[in-house]
Amino acid sequence: MTKYIYLIFILCGLTSCKTISVNKEYQTRTTQNIQLGSIGEEKNFVLEKDYNNTAIPKYLEPIKVHIYPVAFNKKTFNAYQDAMVFQSKDLGVNFIDSIETKPTYLKIEIADRLSILKSLNSHENKDIFDFLKNKSESHIVTTISIAFKKDIIDAINNADEVFLVNSGINSYVLKTFKSKTEQETILFNEGVVFGYQSSNACWKENEKYQLEIVDLVESDDECPNKTYRSSKRAKKKINYYKF
């Protein structure tokens, strides 16, 4: 019995090493500069859980994002320091636990999921659609935790709106707007990403008997009624009821 208790504590410890809590939501720690909106698969090892980037969808229009400034704590600062080494980016962020005012980072979350769905179902993203259809374990990165230098954080926090926008062939940037006027263009590699959340595609067959991605749900959540994470299951289930 004692051995089982120890095993539970060990497993809990390993799990906690892989996650951080951000605004009471768990994120997976990462040392990669993962781009918001990208697609990939999680890699699981005993002491590591990270992301294998696979594809960069072409978004048909700018995607609105929500910005949440968050104060560092010991665990998130530790995750930042680990990521900083791998991303070779020292932002001059200093954390002293005894000082009341803590430095901040940003939680950036995709707000306009309808535009994401529209893009993923479009002809422009057919290859990515087919990839998602055949790889049910693949995810889309819908939230990241990222540290920037103070001037960039101030520029983002002072904006009225922030959008995720295609840039170049296989990259995204953040664009800030004030009074509907574009202000700043911010590259993700200007910061250090140290946490992320991913979402799974939910599939359903439309009235033309074609599969569509109709929703995105967090990794631990269930798809809405009569939609499925597996495209094959969606096709089989719908046809079962038809015949």
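The notes below deal with the structure included here. (Residues numbered from 1 in each chain as written. Predicted model: local features only at pLDDT ≥ 70, side-chain atom pairs only at ≥ 80, totals over all residues. Heavy atoms only, no water.)

Concerning the pairing of strand β11 (residues 192-205)
Here is step 1: Within β11, 13 of the 14 residues are buried, which leaves the element mostly enclosed by the surrounding structure.
Here is step 2: For strand β2 (residues 25-29) and β11, the ladder comprises 2 bridges, and the chain directions are antiparallel. Directly across from T28, in β11, lies its bridge partner Y196.
Here is step 3: Note that strand β7 (residues 139-147) and β11 share 7 bridges and pair antiparallel. Across the sheet, the residue bridging to I146 is V193, located in β11.
Here is step 4: As defined by bridge partners, β11 adjoins strand β12 (residues 211-218) across 7 bridges and the pair is classed as antiparallel. Across the sheet, W203 pairs through a bridge with I213, a residue of β12.
Here is step 5: The hairpin turn running from β11 into β12, its antiparallel successor, is 5 residues long, and Y209 in that turn takes a positive phi close to 65 degrees. (Buried < 20%, exposed > 50% of the residue type's maximum accessible area, 1.4 Å probe, protein only. Helix = DSSP H or I, 4+ residues; strand = E, 2+ residues; numbered from the N terminus. Pairing = 2+ DSSP bridges.)

Overview of the pattern of salt bridges
Here is step 1: Scanning the entire structure with this criterion turns up 13 salt bridges.
Here is step 2: With its nearest N and O atoms 2.5 Å apart, the salt bridge here joins D82 to R29. Of this pair, D82 sits in helix α2 (residues 74-87) while R29 sits in strand β2, and the two are 53 residues apart along the sequence.
Here is step 3: On the basis of relative accessibility, which here comes to 33%, the residue D82 falls in the partly exposed class.
Here is step 4: Its salt-bridge partner being E61, residue K118 comes within 4.0 Å of it at the nearest N-O pair. Taken together, the positions of K118 in helix α3 (residues 113-120) and E61 in the loop between β4 (49-55) and β5 (63-71) put the pair 57 residues apart, joining distant regions of the chain.
Here is step 5: The class for E61 is partly exposed, based on a relative accessible area of 33%. (Salt bridge = Lys/Arg side-chain N within 4 Å of Asp/Glu carboxyl O.)

Side note on helix α4 (residues 126-134)
Here is step 1: Taken together, the buried positions of α4 are occupied by I128, F129 and L132. Down the axis of α4, the sector holding all buried residues measures 105 degrees, keeping them to one side. Across from the buried face of α4, at angles greater than 90 degrees, the exposed residues are D127 and N134. (Arc of directions from axis to C-beta.)

Section: the nonpolar core
Nonpolar side chains in soluble globular proteins tend to end up buried together.
Here is step 1: One finds I144, L164 and L174 to be the most contacted residues of the largest nonpolar core, which totals 41 residues.
Here is step 2: If you look at the next biggest cluster of nonpolar residues, it comprises 16 residues, including V22, F77, A79 and A147. (Core = buried A, V, L, I, M, F, W, Y, C linked by side-chain atoms within 4.5 Å.)

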